[in-house]
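# Analysis of the macromolecular model
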Amino acid sequence: MDEEYDVIVLGTGLTECILSGLLSVEGKKVLHMDRNDYYGGDSASLNLSQLYRKFRPDQAPPTELGRDRDYAVDLVPKFIIASGELTKILVHTDVTRYLEFKQIAGSFVYRDGRISKVPSTEMEAVKSPLMGLFEKRRAKKFFEFLQGWRDEDPTTHQGINLESDSMKTVYEKFGLEPGTQDFIGHAMALYLDDDYITKAARPTYDRIILYTSSMARYGKSPYIYPLYGLGELPQSFARLSAIYGGTYMLDKPIEKIVTDTEGKFVGVTSVGETVKAKQVIGDPSYFGASADGKVRVVEEGKVVRAICFLKHPIPGTEDADSCQIIIPQNQVGRKHDIYIAMVSSTHNVCAKDIYVVIVSTIVETDRPELEIGPGLSLLGPIHDKFVDITPLYTPTSSGQADNIFITRSYDATSHFETVVEDVQDVWKRVTGTELVLKKREVEVTG
C-alpha cells in the first residue's frame, strides 16, 4: 500500500460517512476503514443475529421473532427533523436517491402521569388535554408572537429582545404555566434539560420554529425516518463517496495510528501494513485507548438505552405504528429527559406485529436501568429487552496541530441536529472553511 491518500476515515458511523462523502465530492482522495464487518459503527442497524451476538453471544434469536433478514434494529435511536440540517445535507448531496423515507406517525409528551399528543394542528391544540381553556389562549398568543416575529420589524417584537432576554422572560410575558413551559421546551424545542430557560431566547425561538415548520411540512409529526433503519444513512453516504472515488475497507482491525517525531499524523497500520495520508478523521473509539489523552468523557458521561421488542403498539398512542414520546425531567424528578422512540414493520425494521421501542436517557446515578423505569413502565408487556450503557466521548483538541480529527459520540437527543453540528465543526477544522449547503425538497411516503 504505497498509495498516499488525502484523508483516512476510521469508523463508518453516520458522522464519519457524511464527512467522507462530502470530502470525496470536493475531490479529496479518501480511504475509509472500519474494524466491523458492517456499516454504521455505533449508529448501525443490526439484524436479529447481530443484535443477539452483541448483547447475548451465548443465545440464538428465538424463532417466534421471525426471520433474521426482517430486522434492522437501530443501536442509537434518532429521528430526522423534516426541515432540519440533516435533511439539507441529504438533499444537497442527492443521497436521497438511495433512500426512502416514511413519516413518524406521532409526537407525544408525558404529563401528569399520562401521554398526550403534541398538537400538530390548531384543531388538535384546541382539544389537547395538555392545557386548560385559559392557558390555551395564552399559548395561542405565544405561538402567534413566534410565528409573527420579524427581525427587521420592531412592531412584531412586543418589547422582547431575543438576543438579550431569557426564555424565562418570554414565558412570563405570556403568563405560561410551568407545565406548558415543560412541553414547549422539551417536546418542541427538544432541550434535554432546563438550562435553556435562563439563557438568551434566540436559540429556543429557532428550535420551536424548526419544529413547527417541520410539523407543517408533512402533518402528523415533525419527524421522518428511512425505511430499513438508520443504518441506511451511513451506507448511502458511503455510496456517494465511492461514486467520487472513495475507497472502503470493512473488517479491518486498526493496529496503530502512526505519528512522526513531532506527533503529527503519518498513517494507519492495519494487518501489518501502513497506509499514509495527510489527515485522519475517526470516531472516538479508535483513539480512546491512546495514552496521550486525545479523547475525554464528557461531563454528562453516559447514555443508557434499552432496546425493547413489544407485540403491540405503546398504549395511549392511538395505536400509532411509530412515535416519539418525551418524558420531561420535571415530570419524573430528574435532571434530564427520557426519550422513547418506536418504529415497526411499516418501516421494514422488524417482523409484522412486532414493535421496536428504544428508551434512553443520560445516566445520573449508579443504577442506570432504574432511571429509564418511567419510560419502560409506559410500554405494557415487554417481550424482550437489551440494555446498553455507553460512555460519551469528545475530542480534547481541534486536531489542527497534529492532523488527527476526532468526532463526538452520539448523544441522548432524539434527533440528528447535534450530529450535523459535529459534521460542520469537523469539516471546518479539516478544511478551514464553513460547510455550505443548498436547499431542495425531500420526498416522503405515507
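What counts, and at which threshold
Residues numbered from 1 in each chain as written. Predicted model: local features only at pLDDT ≥ 70, side-chain atom pairs only at ≥ 80, totals over all residues. Heavy atoms only, no water. UniProt positions renumbered as here; feature names shortened; annotations may be inferred. Phe/Tyr/Trp six-rings, centres within 6.5 Å; stacked < 30°, edge-to-face > 60°. Lys NZ or Arg CZ within 6 Å of the ring centre and 35° of its normal. Pairing = 2+ DSSP bridges. Helix = DSSP H or I, 4+ residues; strand = E, 2+ residues; numbered from the N terminus. Axes fitted to C-alpha atoms, helices over the stretch in contact; angles between N-to-C directions. Contact = heavy atoms within 4.5 Å. Expected span 1.5 Å × (residues − 1). Buried < 20%, exposed > 50% of the residue type's maximum accessible area, 1.4 Å probe, protein only. Core = buried A, V, L, I, M, F, W, Y, C linked by side-chain atoms within 4.5 Å. Patch = residues over 30% accessible without salt bridge, like charges linked within 9 Å, V, L, I, M, F, W, Y side chains within 5 Å. Areas by Shrake-Rupley, 256 points an atom, 1.4 Å probe, with all protein chains shown as cover. Salt bridge = Lys/Arg side-chain N within 4 Å of Asp/Glu carboxyl O. 1 Å grid on protein atoms, 1.4 Å probe; cavity = no way out; pocket = protein on both sides within 12 Å on 5 of 7 lines; lining within 4 Å. Points joined across faces, edges and corners; volume = space filled by probe spheres on them. Nonpolar A, V, L, I, M, F, W, Y, C, P; charged D, E, K, R; others polar. Right-handed = clockwise from strand over helix to strand, strands pointing away. Polar contact = N/O pair within 3.5 Å; in protein donor to acceptor, adjacent residues only side chain to side chain.

Per an unreviewed UniProt entry, the protein goes by the name Rab GDP dissociation inhibitor and belongs to Agrocybe chaxingu. You can read under Sequence similarities (unreviewed entry) in the UniProt record for the protein the words "Belongs to the Rab GDI family."

Following the criterion strictly, the structure yields 15 aromatic pairs and no others. One residue, Lys54, lies across the ring of Phe55, its end atom 5.6 Å from the ring centre. A cation over an aromatic ring shows up here: Arg207 above the ring of Tyr191, its NZ or CZ 3.9 Å from the ring centre.

In this section: the sheet that holds strand 17 (residues 355-362). Sheet architecture is open: seven strands sit in the order 8-7-15-16-17-14-18, paired in mixed fashion. Both edges of this open sheet fall to strand 8 (114-117) and strand 18 (384-395), since each of them pairs with a single strand only. When the angles between neighbouring strand axes are averaged without regard to direction, this sheet yields 20°. As paired elements, strand 14 (residues 295-310) and strand 18 share eleven bridges and run antiparallel to each other. Note on strand 18: the bridge partner recorded for Ala306 is Val387. Helix 7 (residues 178-188) contacts strand 7 (106-111) and strand 15 (323-327) of the sheet and is inclined by roughly 140° relative to strand 7.

All right, on to helix 5 (residues 133-148) then. Over its 16 residues, helix 5 extends 23 Å from the first C-alpha to the last, a length consistent with the 22 Å expected when each residue adds 1.5 Å. For helix 5, the complete set of buried residues consists of Glu135, Lys136, Ala139, Phe142, Phe145 and Leu146.

Quick look at the nonpolar core now. Counting residues in each nonpolar core, the largest one holds 99 residues, and the members touching the most others are Phe142 and Phe309. In contact with Phe142, not counting residues within four places along its chain, are Met167, Val170, Tyr171, Phe174, Leu176, Ile184 and Ile208.

A separate point is the environment of Cys308. Mapped onto the fold, Cys308 is located in strand 14. Linking Cys308 and Ile382, residues 74 residues apart in sequence, is a C-alpha distance of 6.5 Å.

Together, Val25, Ile243 and Tyr244 give the surface a local cluster of nonpolar side chains, amounting to about 280 Å² of exposed area. Its location among the elements puts Tyr244 in the loop between helix 9 (232-243) and strand 10 (247-249). Relative accessible area serves as the criterion here: at 44%, Tyr244 is assigned to the partly exposed category.

Below, the discussion takes up unusual backbone geometry. Positive phi, close to 75°, is recorded for Tyr228, a residue that is not glycine. Positionally, Tyr228 belongs in the loop between strand 9 (223-226) and helix 9. Exposure remark for Tyr228: the relative accessible area of 46% places this residue in the partly exposed category.

Inspection of the entire model under this criterion finds four cavities of 30 Å³ or more. Roughly 80 Å³ of volume is contained in the largest cavity. Looking at the largest cavity, it is lined by 13 residues, and the ones nearest its centre are Asp74, Pro77, Tyr225, Val343 and Ile358. Secondary structure elements with two or more residues in the lining of the largest cavity: strand 4 (73-74), strand 16 (338-344) and strand 17. Here the element with the most residues in the lining of the largest cavity is strand 16; it accounts for three residues. The residue inventory of the lining of the largest cavity, partitioned by class, reads eleven nonpolar, no polar and two charged.

Right, let's talk about the pairing of strand 1 (residues 4-10) for a bit. Burial within strand 1 is extensive, with six of its seven residues counted as buried. As paired elements, strand 1 and strand 13 (residues 273-282) share six bridges and run parallel to each other. Paired with Val7 across the strands is Gln279, a residue of strand 13. Relative to strand 2 (residues 30-33), strand 1 runs parallel, the two sharing four bridges. Looking at the pairing, Val7 lines up with Val30 of strand 2.

Before going further, it helps to spend a moment on the pairing of strand 2. The alternating pattern of strand 2 places Val30 and His32 on one face and Leu31 and Met33 on the opposite face, and all of these are buried. Traced from strand 1 through helix 1 (residues 14-25) to strand 2, the parallel crossover comes out right-handed. Taken together, the three bridges between strand 2 and strand 10 define a ladder with parallel strand orientation. By the bridge assignment for strand 10, His32 is matched with Tyr248.

All of the buried residues along helix 2 (residues 48-55) are Leu48, Gln50, Leu51, Tyr52 and Phe55. Packing partners of the buried residues in helix 2 comprise strand 3 (45-46), strand 4, strand 14 and strand 18. One side-chain oxygen at the N-terminal end of helix 2 lies 3.2 Å from the backbone nitrogen of Ser49; it belongs to Asn47.

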